[in-house]
Structures are given as structure tokens and as C-alpha cells.
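The primary structure of each chain is shown beneath.
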Amino acid sequence: EFQAATMADSELLFVWRNDQTAYQNFFNAQPVTKAEHLEWLTKTLDNHNRYLFIILNQDQPIGQVRFDIEGESAKISITLAPNQRGQGLGGKTIVEATEYFLKQVPGMRTIIAEIKSDNQASLKAFTRAGYKPKNTNDVDSIVTLEFLKS
């Protein structure tokens with residue numbers, strides 16, 4: 001289940017964002033200040049090409065997923081709460097989030113995931129969710145996977 005994020009989710013998103021295991025896999029691999037986070041969240045919620053959802057399991061928040069529309073495709077970014085990791089939820093959650101987003105934006109057909117090449121958990125989860133390797137940027141150690149709506 002998914003619900004649109006709001007400013008009321010700020011503290012929860014901030015805690016998840018600054019979890020060391022999570023941010024080590026981000027392209028900006030360092031913690032952020034509360035002020036930086038609030039500025040980012042305000043801009044995110046005002047951006048009509050960005051969709052930020054709280055992932056719910058039995059009405060409990062278990063993570064967040066973001067889609068950034070870039071022309072004919074969208075980039076996905078997902079973070080599960082620390083206590084939800086390692087339980088095999090990643091692939092299933094990515095499938096559900098992708099399907100949910102594609103219903104929100106009917107014309108969208110392509111979703112892109114850019115993942116650090118050493119983030120094996122995410123690579124496996126996206127592969128299980130039906131994302132296919134597109135290319136690898138060895139310079140930046142980034143693997144790009146793609147989901148094409150049939």
C-alpha cells in the first residue's frame with residue numbers, strides 16, 4: 001500500500017535518509033542536516049515531476065519510494081526502514097511500487113533504476129522485480145536497470 005508523502009512524514013523520512021546503511025548506497029553517501037532535509041522535502045513535494053510515496057504494510061510505514069519523471073521515463077529510488085531490510089521485501093515492494101506508479105502516470109512505459117555496483121541487495125531485488133540490465137558505467141561504478149511496461 002502506498003500513500004503520498006507530506007511534510008508530516010518529514011521526521012520519519014529524515015531518520016531513514018540518515019541511516020548509515022541506507023546512505024552508504026546513495027549517490028550522496030553522507031548524512032544530511034535537518035535543514036537540508038526540510039529544504040529537499042519542500043522542493044520534492046512542490047515538484048510535479050517527482051512522486052514520493054510512503055510504503056505501508058498493515059498501515060505501518062516500512063519505507064519510501066520516489067519516482068522522478070525525466071521525459072519519457074522515470075527513475076526509481078527506494079529505501080526500506082532499517083528494521084524491514086533483509087526480509088526479502090525488496091523485490092515484492094519494487095514490483096508493487098512500479099505497478100502503482102504506472103497506474104498514477106498512465107502514459108509512462110519505462111522505469112530506470114541506477115544502483116551502485118557494490119549494492120548487491122538492491123541489484124538482486126530489482127532483478128527479482130523484473131528490471132533488466134541496461135548498461136554499466138565502470139567509471140562511476142553504476143549499474144542501470146530498466147523496466148519496460150508491456
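Everything that follows concerns the structure shown earlier in this document.
Residues numbered from 1 in each chain as written. Predicted model: local features only at pLDDT ≥ 70, side-chain atom pairs only at ≥ 80, totals over all residues. Heavy atoms only, no water.

(A) Fine view of a nonpolar patch on the surface. Together, M7, L38 and L45 line one region of the surface with nonpolar side chains, adding up to about 220 Å² of accessible area. When you line up the elements, M7 lands in the loop between β1 (2-4) and α1 (10-17). (Patch = residues over 30% accessible without salt bridge, like charges linked within 9 Å, V, L, I, M, F, W, Y side chains within 5 Å. Areas by Shrake-Rupley, 256 points an atom, 1.4 Å probe, with all protein chains shown as cover. Salt bridge = Lys/Arg side-chain N within 4 Å of Asp/Glu carboxyl O. Helix = DSSP H or I, 4+ residues; strand = E, 2+ residues; numbered from the N terminus.)

(B) Here's a closer look at the environment of T6. Its location among the elements puts T6 in the loop between β1 and α1. Judged by its relative accessible area of 38%, T6 is partly exposed. Ignoring sequence-local partners within four residues, the contact set of T6 consists of L41 and L45. (Buried < 20%, exposed > 50% of the residue type's maximum accessible area, 1.4 Å probe, protein only. Contact = heavy atoms within 4.5 Å.)

(C) Summary view of α1. Inspection of α1 places S10, L13, F14, W16 and R17 among the buried residues, and these make up the whole buried set. In a view along the axis of α1, the buried residues occupy a sector of 165°, so they form one face of it. (Arc of directions from axis to C-beta.)

(D) Molecular detail of the nonpolar core. Residues I76, I111 and Y131 are the most contacted members of the largest nonpolar core, which totals 28 residues. Only β2 (50-57), β3 (60-70), β4 (73-80), α4 (89-104), β5 (110-116), α5 (120-128) and β7 (142-148) provide two or more residues apiece to this core. The element contributing the most residues to this core is α4, with five residues. Apart from the residues within four sequence positions on either side, I76 is in contact with V65, R66, F67, I94, T98, I111, I112, A113, F126 and Y131. (Core = buried A, V, L, I, M, F, W, Y, C linked by side-chain atoms within 4.5 Å.)

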